[in-house]
Amino acid sequence: MTSPFAEHFPALRSGFAYLDNAAGAQVPSHTIDAMTRFLTQGSCNVGQPYPASVRATEVKAQARAATAEFLNCLPEEVMLGTSATALTFQLSRAFSRIFQPGDEVIISELEHESNASPWRWLEAQGAVVKPWKARWPEGRLELADLRPLLTARTRLVAVTAAANSVGTAPDVTAAATLAHSVGAWLIVDAVHASPHLLPDVKAWGADFATFSPYKVFGPHMGCLYVRHELLPRLPADKLWFVPEDSPQKFEPGTANHEGLAGWLGSLRYVREVLGGGQPGRAGLEQAFRRIESLERPLLESALERLRAHERVRLYGIPEPKGRVATFCFNVQGVPPRAVAEHLARNGVGVAAGHYYATLAMQALGLMPEGAVRVSLLHYNTLAEVDRLMTSLDALP
């Protein structure tokens, strides 16, 4: 049985079960058509008076404004780049020029390396990096474990809004309150959370945040939020004439204009198909309520069946509350890569390895082979969960 959303997603019409959505979501026709239209009408750069350039200029401005709406921030707080990882490394270089030896950075143990490696590089500048350890095997982040790590020297706390490994969705707002209580900044990695939970940087109290449109049914891009009053204080490798308070200071080079057009198409899909056609942030909020209602039965079914499987060792929170529909597990007697290869032969795509969540995998003692990961989105089906479990049952 194909997804009821296959009419919008060409890739879903094949019948293959895409259960590796944490590595990138499938894209709807809204996105594909928007990119095609932009490229066929003339590809060029911004700022000139002829029609194609005017369109490119408008697309970039619209993408910045639409991304701000998605994050609940100001357009001038949005930086658009090649990837969340690249933008985070740019931010790390800025911090390396203003942090002092002995300044402290706290990194949660649930982080993807894009929100860990850039901060560990600050150790070369004399920064002290502290791990905010999770409680395993559930992978819970407790505020009681963060409090004793915070000191007057803490400058930055890095935390995910949802772990790309075990699916934990920490209390980001409470973490921000604690970080701010000692004068520290909070950076939120919303990459994995963003197709499940509508980001809200203001409600979180985030000073910085990242996400990737390609996880939200869009093209391969990255986005960085920087609280506006902080932007002029951050040194950047920029062209000399770019103002210090401009988001362009973190956007060197020509933008991926067709990608920006595609991202606008992805947001149209979210509002029109999932949000009932409502414009603005209200349409996004309605869409994500629909996403939650579609994902909940998938989460509950997969969680219950994986927990009950006699050969499966499931890592992560064992109940639906406090997590998203991402599942990390191993199968007794079968290496994770062999499990993924077996499932692929049965028309089910999953991930195997550490998926750049090396801190979590090290804590679980699973390096270097890692584990199997199943990650579901709203367009997946209970029939695909059935196929996953039937294929696991057929493992030798």
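Small disclaimer: the values here were computed from a predicted structure and weren't measured.

Describe the overall build of the chain, listing the residues and the values that go with them.
Within the chain, the secondary structure is distributed over 12 helices and 13 strands. The C-alpha radius of gyration of the chain comes to 21 Å, within 12% of the 21 Å expected for a compact globule of 396 residues. Its C-alpha atoms give the chain principal-axis dimensions of about 65 × 55 × 35 Å. The burial tally for the chain puts 56% of its 396 residues in the buried class. In the chain, the proportion of contacts linking residues at least 24 apart, taken out of those at least 6 apart, comes to 66%. Accessible surface for the chain amounts to roughly 15700 Å². Of this, 54% is attributable to carbon and sulfur atoms. Of the side-chain charges in the chain, 37 are positive and 39 negative, and the distance between the mean point of each set is 1 Å.

Outline a nonpolar patch on the surface, listing residues and values.
Nonpolar side chains collect at one region of the surface, where Leu239, Trp240 and Phe241 lie side by side and expose about 450 Å² of accessible area between them. Note that leucine 239 resides in the loop between strand 8 (222-226) and helix 8 (257-274).

Tell me about the pattern of salt bridges, and please be specific about residues and values.
Inspection of the entire model under this criterion finds 23 salt bridges. Note that aspartate 20 is salt-bridged to arginine 373, the shortest N-O span being 3.2 Å. In this pair, aspartate 20 is assigned in the loop between strand 1 (17-18) and helix 1 (29-40) and arginine 373 in strand 13 (residues 371-375), connecting sequence segments 353 residues apart. The closest approach of N and O atoms between lysine 202 and glutamate 77, which form a salt bridge, is 3.3 Å. With lysine 202 in helix 7 (residues 201-204) and glutamate 77 in the loop between helix 2 (51-71) and strand 2 (78-81), this pair connects stretches of sequence that are 125 residues apart. On the basis of relative accessibility, which here comes to 40%, the residue lysine 202 falls in the partly exposed class. Overlapping salt bridges, with partners in common, bring together Lys60, Arg64 and Glu251 in one network.

Run through the sheet that holds strand 10 (residues 326-331), naming residues and quoting values.
Spatially, 9-10-13-12 is the arrangement adopted by the 4 strands of the open sheet, whose pairing is antiparallel. Each of the sheet's edge strands pairs with one partner strand only, and the pair in question is strand 9 (312-315) and strand 12 (351-353). Averaged over all pairs of adjacent strands, the angle between strand axes in this sheet comes to 30°, irrespective of strand direction. Relative to strand 13, strand 12 is paired through 3 bridges, and the arrangement is antiparallel. By the bridge assignment, alanine 351 is partnered in strand 13 with arginine 373.

Describe the packing of aromatic side chains, with residues and values.
The final tally for this structure, using the stated rule, is 17 aromatic pairs. Taking 5.1 Å as the distance between ring centres and 65° as the angle between the ring planes, the aromatic pair formed by phenylalanine 16 and tyrosine 18 counts as edge-to-face. Ring geometry for phenylalanine 95 against phenylalanine 208: centres 5.3 Å apart, planes inclined by 70°, an arrangement best described as edge-to-face. You can see phenylalanine 95 sitting in helix 3 (residues 84-96) and its partner phenylalanine 208 sitting in strand 7 (residues 208-211), a full 113 residues away along the chain. For phenylalanine 95, a relative accessible area of 0% gives the class buried. Residue class for phenylalanine 208 comes out buried when judged on its relative accessible area of 0%. An aromatic cluster of at least three residues, connected via ring pairs, comprises Phe95, Phe99, Trp119, Trp185 and Phe208. One residue, arginine 155, lies across the ring of tryptophan 185, its end atom 5.5 Å from the ring centre. The ring of tyrosine 355 has arginine 373 lying over it, and the distance from NZ or CZ to the ring centre is 4.4 Å.

What counts and what doesn't
Residues numbered from 1 in each chain as written. Predicted model: local features only at pLDDT ≥ 70, side-chain atom pairs only at ≥ 80, totals over all residues. Heavy atoms only, no water. Helix = DSSP H or I, 4+ residues; strand = E, 2+ residues; numbered from the N terminus. Rg over C-alpha atoms; globule rule 2.2 N^0.38 Å. Buried < 20%, exposed > 50% of the residue type's maximum accessible area, 1.4 Å probe, protein only. Contact = heavy atoms within 4.5 Å. Areas by Shrake-Rupley, 256 points an atom, 1.4 Å probe, with all protein chains shown as cover. Lys, Arg positive; Asp, Glu negative; His and termini not counted. Charge placed at Lys NZ, Arg CZ, Asp CG, Glu CD. Patch = residues over 30% accessible without salt bridge, like charges linked within 9 Å, V, L, I, M, F, W, Y side chains within 5 Å. Salt bridge = Lys/Arg side-chain N within 4 Å of Asp/Glu carboxyl O. Pairing = 2+ DSSP bridges. Axes fitted to C-alpha atoms, helices over the stretch in contact; angles between N-to-C directions. Phe/Tyr/Trp six-rings, centres within 6.5 Å; stacked < 30°, edge-to-face > 60°. Lys NZ or Arg CZ within 6 Å of the ring centre and 35° of its normal.

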